[in-house]
Amino acid sequence: MKPACSTAIDLSFSHGPAMAFRVDFADYEAERHQHQHPQGQLILALHGAVTCTAESGVWIVPPDCGLWVPGGALHSNQVTPNARLTYLFVEPGAAELPAECCTLSVSPMLREMIHRLADLPERDGRDAHVGRLMRVMLDELALMPRERLELPVSDHPKIAVIAAALLADPSDRRTLGQWAEHVAVSERTLKRLMIQETGLSFGRWRRQLHLVIALRELAGGATVQQVAGDLGYESTTAFIVMFRKALGTTPSRYFADRLLRAGQA
């Protein structure tokens, strides 16, 4: 039998290039704290969403996507209360996969192969049938395109203060000038620091923050009206406009399309 996943993840029994199992539990403390493992990890959200903090960013994993975390990368995961996940662990060097954390689009075929592997009883990964499944699965995984669903963060003390405050209260509408005063630098200096440390202007960075939080909360079951209010938008329409500009569609259509592609609609 594969190990239970309620407290810790035991990867010692794997003898092949990859292994997968489903995760569906309320106690998620083992994943909430920073941890690492030598294998690369793909996190799939069957339902709900996962927010992962790793390296220099925060990533959201909605349905039909997966978060790739390379081996050795320190990371922590937070899930929405309704989350059901599948983990795929890949041994170092088993496939040509990114050397940094990223969100990957996951095709229905790849998703089904991962689920098939997760449903198999514990077997030696060198078994011919399982080995063929793994090889095709890893080849497909290496072809998956990236999605831009991350929030770049920085350990610069000035930027870190602002990021922590806005993550705690995303409805905070202080301007760049007001934040500059708060962290005791000039507005010009803070503007330069934001671009230097995150690659985005303050306005674009805050919009990306709102997008990441919105995707997490909507996937967790919150309504569009609730999310718009929590993010400090003057109206639901204003929030939908922001969402459409960022992702090309409305929140309801975004999730309907993704659930359909993931084969869950």
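Located above this text is the structure these notes cover.
Residues numbered from 1 in each chain as written. Predicted model: local features only at pLDDT ≥ 70, side-chain atom pairs only at ≥ 80, totals over all residues. Heavy atoms only, no water.

S.K.: Would you explain the overall build of the chain in this entry?
M.R.: Counting its regular elements, the chain contains ten helices and ten strands. The buried share among the 265 residues of the chain stands at 49%. Within the chain, contacts between residues separated by at least 24 positions form 73% of all contacts whose residues are at least 6 apart in sequence. (Helix = DSSP H or I, 4+ residues; strand = E, 2+ residues; numbered from the N terminus. Buried < 20%, exposed > 50% of the residue type's maximum accessible area, 1.4 Å probe, protein only. Contact = heavy atoms within 4.5 Å.)

S.K.: Before we go on, may I ask you to explain helix α9 (residues 236-247) in this structure?
M.R.: For an α-helix the count is 3.6 residues per turn, leaving residues at separations of three or four pointing the same way. Compared with the 16 Å implied by 1.5 Å per residue over twelve residues, the 16 Å span of α9 between its first and last C-alpha is a close match. Here α9 has its buried residues at Phe239, Met242 and Phe243. Summarising the axial view, the buried residues of α9 lie within an arc of 95°, below the 170-degree limit, and thus occupy one face. Across from the buried face of α9, at angles greater than 90 degrees, the exposed residues are Thr237 and Lys245. After α9 finishes, the residue Gly248 shows a positive phi value of roughly 80°. (Expected span 1.5 Å × (residues − 1). Arc of directions from axis to C-beta.)

S.K.: Looking at this structure, how should I read the sheet that holds strand β5 (residues 65-69)?
M.R.: The pairing of strands in a sheet happens through backbone hydrogen bonds and is either parallel or antiparallel. Taken together, the six strands give an open sheet; going across it, the order is β1-β7-β2-β5-β8-β9, and neighbouring strands pair in antiparallel fashion. With one partner strand each, in any of the chains shown, β1 (18-23) and β9 (146-147) form the two edges of the open sheet. As defined by bridge partners, strand β8 (residues 102-105) adjoins β9 across two bridges and the pair is classed as antiparallel. By the bridge assignment for β9, Thr103 is matched with Glu147. (Pairing = 2+ DSSP bridges.)

S.K.: It is not clear to me how the pairing of β8 should be interpreted in this structure. Could you clarify?
M.R.: Residues Cys102 and Leu104 of β8 are buried on one face, and the alternating residues Thr103 and Ser105, pointing to the opposite face, are buried as well. As paired strands, β5 and β8 are joined by four bridges and run antiparallel to one another. Within β8, the residue paired with Leu67 across the bridge is Thr103.

S.K.: How do you make sense of the sheet that holds strand β3 (residues 50-54) when you look at a structure like this?
M.R.: If you walk across this open sheet you meet the four strands as β6-β3-β4-β10, and the pairing is antiparallel. Both edges of this open sheet fall to β6 (75-79) and β10 (150-152), since each of them pairs with a single strand only. Taken over all neighbouring pairs, the strand axes of this sheet differ in orientation by 15° on average, direction set aside. Where β3 and β6 come together, five bridges link them in antiparallel fashion. For Thr51, the partnering residue across the bridge sits in β6 and is Gln78. Docked against the sheet, helix α7 (residues 202-219) engages β3, β4 (57-61) and β10, running at close to 145° with respect to β10. (Axes fitted to C-alpha atoms, helices over the stretch in contact; angles between N-to-C directions.)

S.K.: Looking at this structure, how should I read the environment of Val130?
M.R.: Turning to its location among the elements, Val130 is positioned in helix α3 (residues 128-143). On the basis of relative accessible area, Val130 is assigned to the buried category, the value being 4%. With 112 residues separating them along the chain, Val130 and Ala18 place their C-alpha atoms 9.9 Å apart.

S.K.: Any chance you could explain the packing of aromatic side chains here in plain terms?
M.R.: The geometry of an aromatic ring pair is captured by two quantities: the separation of the ring centres and the angle between the planes. Within the structure shown, the criterion is met by seven aromatic pairs. Each ring, one from Phe21 and one from Tyr87, has its centre 6.0 Å from the other, and the planes form 65°; the classification is edge-to-face. Within this pair, whereas Phe21 is found in strand β1, its partner Tyr87 is found in strand β7 (residues 84-90), the two being separated by 66 residues in sequence. Residues Phe21 and Tyr87 agree in their burial class; the two are buried. A ring pair is formed by Tyr254 and Phe255, whose centres lie 5.2 Å apart and whose planes are at 80°; its orientation type is edge-to-face. Site record: aromatic cluster; members linked through ring pairs are Tyr233, Phe239, Phe243, Tyr254 and Phe255. Above the face of the Tyr233 ring, Arg173 is positioned so that its terminal group lies 4.7 Å from the ring centre. A cation sits over an aromatic face here: Arg174 above Trp179, 3.8 Å from the ring centre. (Phe/Tyr/Trp six-rings, centres within 6.5 Å; stacked < 30°, edge-to-face > 60°. Lys NZ or Arg CZ within 6 Å of the ring centre and 35° of its normal.)

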